[in-house]
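Next come the chains, spelled out residue by residue.
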Amino acid sequence: MAENTLQAPAVSQEVAGLRTSPVAHLAEQMASASVSGERGVSLREIPFLAQVGVRARPGTPSAAALEAALGTTLPRRSGEVTGPAGRQVLWISPDEFLLVADPDSVDVAAAAAALGTGEQALPGSVMDLSANRTTLELSGPSARAVLEKGCHHDLHPSVFAVGTAVSTQLGPVPILLWKTDETTFRLMPRASFADYTVHWLLDALGEFAAPEVP
């Protein structure tokens, strides 16, 4: 039977304002490391996105109930991302997904309630994972070249298209990697690895600040 995860009690605006992202202390370093021009690349954090773990097998009554509650469909294949901007679902495994949405825009309790309770509950689960990962955005003409220094996934456009997300590694760090446009990638490491990931990326993009050697 489903174990429906309910949303935590509402947090006051005063308390919410005290939230600190895992790499807030590196914001100035990321901004100052940006490179402009033909070899340009920049790194920033997009903190506090809503992230909701969803378990259900597509095509089942559980999936239909969750899709209605979340306002978007679930992906059907590896790498697929579904949903409109600001409320998109990433494929993790055949019955596991991650909803990534604008901050504080998802009612987790309502989504969990869609599965029902007691003996009539549909199999599946909904869990708020917003504090589990942060989101880093690497963009610019050299973004792919930076990632190719240590990403374990093939990033050639013929393999990794816009609108695709995969579980992979950057160096030793497990990440979700999402290509949102031709020169923009979102990296989602666990919060405990975020500091290391930023320092890795800052080191990797440093060479692009220098003129290209003919």
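Residues numbered from 1 in each chain as written. Predicted model: local features only at pLDDT ≥ 70, side-chain atom pairs only at ≥ 80, totals over all residues. Heavy atoms only, no water.

Colleague: Where do I start with the sheet that holds strand β7 (residues 135-139) in this structure?
Modeller: By way of backbone hydrogen bonds, the strands of a sheet pair with one another, either parallel or antiparallel. What the five strands build is an open sheet, ordered β1-β7-β10-β9-β8; its pairing is antiparallel. Strands at the two margins of the open sheet, each flanked by one partner only, are β1 (42-46) and β8 (164-170). Here the average twist between neighbouring strands, direction ignored, is 30°. Looking at chain direction, β8 and strand β9 (residues 173-181) are connected through seven bridges and run antiparallel. Looking at β9, one finds that Thr-164 is bridged to Lys-179. (Pairing = 2+ DSSP bridges. Helix = DSSP H or I, 4+ residues; strand = E, 2+ residues; numbered from the N terminus. Axes fitted to C-alpha atoms, helices over the stretch in contact; angles between N-to-C directions.)

Colleague: What is the right way to read the layout of surface pockets from this model?
Modeller: Space left empty within the atom packing is revealed by a probe, the size of a water molecule, rolled over the atoms. Roughly 190 Å³ of volume is contained in the second largest pocket. Taken together, 13 residues line the second largest pocket, and the ones lying closest to its centre are Gly-53, Val-54, Arg-55, Glu-96 and Leu-129. Taken together, the elements giving at least two residues each to the lining of the second largest pocket come down to β2 (50-55), β5 (96-101) and β6 (125-128). Its residues placed into classes, the lining of the second largest pocket shows six nonpolar, three polar and four charged. (1 Å grid on protein atoms, 1.4 Å probe; cavity = no way out; pocket = protein on both sides within 12 Å on 5 of 7 lines; lining within 4 Å. Points joined across faces, edges and corners; volume = space filled by probe spheres on them. Nonpolar A, V, L, I, M, F, W, Y, C, P; charged D, E, K, R; others polar.)

Colleague: Is there a simple way to think about the pattern of salt bridges in this case?
Modeller: According to the stated counting rule, one finds nine salt bridges in the structure shown. Between Asp-104 and Arg-19 there is a salt bridge, and its shortest N-O distance comes to 4.0 Å. Of the two residues, Asp-104 sits in the loop between β5 and α4 (108-113) while Arg-19 sits in the loop between α1 (13-16) and α2 (27-32), which places them 85 residues apart along the sequence. Since its relative accessible area comes to 40%, Arg-19 is described here as partly exposed. As a salt-bridge pair, Lys-149 and Glu-207 come within 2.5 Å of each other at their nearest N and O atoms. Of the two residues, Lys-149 is situated in the loop between α5 (143-147) and β8 and Glu-207 in the segment after α6 (191-205); the sequence distance between them amounts to 58 residues. Classification of Glu-207 by relative accessible area gives partly exposed; the value is 43%. When salt bridges that share partners are traced, they join Arg-44, Glu-137 and Arg-186 into one network. (Salt bridge = Lys/Arg side-chain N within 4 Å of Asp/Glu carboxyl O. Buried < 20%, exposed > 50% of the residue type's maximum accessible area, 1.4 Å probe, protein only.)

Colleague: Before we go on, may I ask you to explain the nonpolar core in this structure?
Modeller: Here is a general trend for soluble globular proteins: nonpolar side chains tend to be buried in one another's company. If you look at the biggest cluster of nonpolar residues, it comprises 29 residues, and the most contacted ones within it are Leu-43, Leu-138, Leu-147, Leu-177, Leu-187 and Leu-201. Within the residue set of this core, elements represented by two or more residues are β7, α5, β8, β9, β10 (184-189) and α6. Examining the composition of this core, we find that seven residues originate from one element, α6, more than from any other. Filtering out sequence-adjacent residues up to four positions away, Leu-201 remains in contact with Leu-43, Leu-136, Leu-138, Val-146, Leu-147, Leu-170 and Leu-187. (Core = buried A, V, L, I, M, F, W, Y, C linked by side-chain atoms within 4.5 Å. Contact = heavy atoms within 4.5 Å.)

Colleague: Any chance you could explain the side chain of Thr-197 here in plain terms?
Modeller: Among the secondary structure elements, Thr-197 is positioned in helix α6. Overall, Thr-197 belongs to the buried group, its relative accessible area being 1%.

Colleague: Would you take a moment to explain unusual backbone geometry for this structure?
Modeller: Residues apart from glycine generally show negative phi values, whereas peptide bonds are mostly found in trans. Here the phi dihedral of Phe-48 falls at roughly 65°; this positive angle occurs in a residue that is not glycine. Turning to its location among the elements, Phe-48 is positioned in the loop between β1 and β2. For Phe-48, a relative accessible area of 32% translates into the label partly exposed. Its identity is not glycine, yet Asp-104 carries a phi of approximately 55°, on the positive side.

Colleague: Help me understand the environment of Cys-151, please; the structure alone is not making it clear to me.
Modeller: Relative to the assigned elements, Cys-151 resides in the loop between α5 and β8. Look at Cys-151 and you get buried, because its relative accessible area is 13%. Sequence spacing of Cys-151 and Pro-172 is 21 residues, and the spatial spacing of their C-alpha atoms is 9.2 Å. Those residues within four positions of Cys-151 in sequence are excluded, and the remaining contacts are Thr-168, Gln-169, Leu-170 and Leu-177.

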